[in-house]
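# Residue-level structure breakdown
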Amino acid sequence: MRFFFRSRKFKIALAAVILLVVFSLIANLAGGLIAPQSSIFGAIAAPFQKLGADVAGGVKDFFAKFQNNEKIILENANQAEEINELNKKIADYDAVKAENEFLKDYLEIKDKNPDFKFSSASVIARDSTDISGGFTIDVGSLNGIKQYDTVITNAGLVGYVSEVGISTSRVTTILDSSISVGAIDSRSRDYGIVKGNLDLAQKGLTGMYNIQRSSLVAIGDYIVTSGSGVFPDGILIGKITNISQEKYTTSLYAEVEPFANIGEIRQVMVITSFDGKSNLSVANGDK
């Protein structure tokens, strides 16, 4: 706005206003000195008097509007600052709330599994080309993380640590075909192998294979880890959504929907140690 008052257009407009005001004053003076009966001078003075009054009113309104606009701008700026501060407080509150909920879940799992040793971690990057939803977490060897450590959330099994850096690690999920997890139907106690494949991963599912044809598995049953290999036993994996016969064997095959929402995970817990943990790799221990 200050550049407008320095512009040539404003100076010309201001000069015109001054001239009109001068003419108005002359007209008012002339109107006061000349008798009302002098119709000629009255006729000449009247338009200038009206114009002067209109100009004066217009100038007053202009500056009044400018002052009001300046006041509104200041009020809007203050409101914007207050809104930004409020948004920051809300974001901080949400972060603290999420952290508290995460710690609560951590303590509940720890109470149920006192032999577990954990390292909490946050997801810091995702591989957009990985259909199985692999991601990177913000802990590494400096935090005691090792290859093949189990990764979970409060909902269930996520996967395992496939690569370890100094301060970050790569997590491969249970939707990936490189992972095989010994698993049991929690209701029927039938055994199988949970292993991902490309078609199921695109639907956010994994598969349970090598289920005996005589088994009593059913849609809706919960699948948990059996404890063989590098994964602790009793960790929830998911629930059965479909059952069919495998193409080239007499075994049954089930589609499993993981309890952990792989695509929405923000924080995880890495199980760095538990009683009976095998030193074998996933490839040698669970496949």
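Only a predicted model underlies this, so the values are computations on that prediction, with no experimental measurement involved.

What follows covers the overall build of the protein. Along the protein, the regular secondary structure elements total five helices and twelve strands. Within the protein, buried positions represent 34% of all 287 residues. Nonlocal contacts in the protein, meaning residues at least 24 apart in sequence, comprise 58% of its contacts between residues at least 6 apart. Of the roughly 17300 Å² of accessible surface on the protein, 57% is carried by carbon and sulfur atoms.

We now examine the confidence of the model for the protein. With 62% of its residues at a pLDDT of 70 or more, the protein shows a mean pLDDT of 78. Of all helices and strands in the protein, the one with the weakest mean pLDDT is helix α5 (residues 282-285) (46), whereas strand β5 (residues 169-173) scores best (97). Below pLDDT 50 for its whole length, residues 33-38 participates in one contact with residues either more than four positions away or in separate chains. Residue range residues 283-287 is modelled with pLDDT below 50. Its contacts to residues more than four positions away, or to other chains, number 16 contacts.

What follows deals with the sheet that holds strand β9 (residues 222-225). Pairing is antiparallel in the closed barrel, where six strands are placed in the order β6-β7-β8-β11-β10-β9. Strand-to-strand twist of the sheet, defined as the mean angle between neighbouring strand axes without regard to direction, takes the value 40°. Inspection of the sheet shows strand β6 (residues 180-185) paired to strand β7 (residues 191-195) by five bridges, in the antiparallel sense. By the bridge assignment for β7, Val 181 is matched with Val 194.

Turning to the pattern of salt bridges, a few remarks are in order. Following the criterion strictly, the structure yields three salt bridges and no others. Across the pair Asp 127 and Arg 170 runs a salt bridge, and its minimum N-O distance is 4.0 Å. Here Arg 170 lies in strand β5 and Asp 127 lies in the loop between β1 (117-126) and β2 (135-137), a separation of 43 residues in the sequence. With a closest N to O distance of 2.9 Å, Arg 187 and Asp 221 form a salt bridge. Residue Arg 187 is located in the loop between β6 and β7, and its partner Asp 221 is located in the loop between β8 (206-211) and β9; the two are separated by 34 residues in the primary sequence.

The next subject is the side chain of Thr 206. Considering the arrangement of structural elements, one finds Thr 206 in strand β8. There is a polar contact of 3.3 Å between the side chain of Thr 206 and the backbone oxygen of Lys 195. Filtering out sequence-adjacent residues up to four positions away, Thr 206 remains in contact with Ile 174, Leu 175, Val 194, Lys 195, Gly 196, Leu 200, Ala 254, Glu 255, Val 256 and Pro 258.

Our focus in this paragraph is the nonpolar core. With 25 residues, the main nonpolar core has Leu 157, Met 208, Ile 223 and Ile 237 as its most contacted residues. Listed by contribution, the elements that provide at least two residues to this core are β4 (157-164), β6, β8, β10 (236-245), β11 (252-258) and β12 (267-273). Top contributing element to this core by residue count: β11, with three residues. In this structure, Ile 237 is in contact with Leu 157, Ile 174, Val 181, Ala 183, Val 194, Ile 223, Val 224, Thr 225, Glu 257, Pro 258 and Phe 259, ignoring residues within four places of it in sequence. If you look at the next biggest cluster of nonpolar residues, it comprises 17 residues, including Phe 135, Ile 262, Val 268 and Val 270.

Calculation rules
- Residues numbered from 1 in each chain as written.
- Predicted model: local features only at pLDDT ≥ 70, side-chain atom pairs only at ≥ 80, totals over all residues.
- Heavy atoms only, no water.
- Helix = DSSP H or I, 4+ residues; strand = E, 2+ residues; numbered from the N terminus.
- Buried < 20%, exposed > 50% of the residue type's maximum accessible area, 1.4 Å probe, protein only.
- Contact = heavy atoms within 4.5 Å.
- Areas by Shrake-Rupley, 256 points an atom, 1.4 Å probe, with all protein chains shown as cover.
- pLDDT = per-residue confidence, 0-100.
- Pairing = 2+ DSSP bridges.
- Axes fitted to C-alpha atoms, helices over the stretch in contact; angles between N-to-C directions.
- Salt bridge = Lys/Arg side-chain N within 4 Å of Asp/Glu carboxyl O.
- Polar contact = N/O pair within 3.5 Å; in protein donor to acceptor, adjacent residues only side chain to side chain.
- Core = buried A, V, L, I, M, F, W, Y, C linked by side-chain atoms within 4.5 Å.

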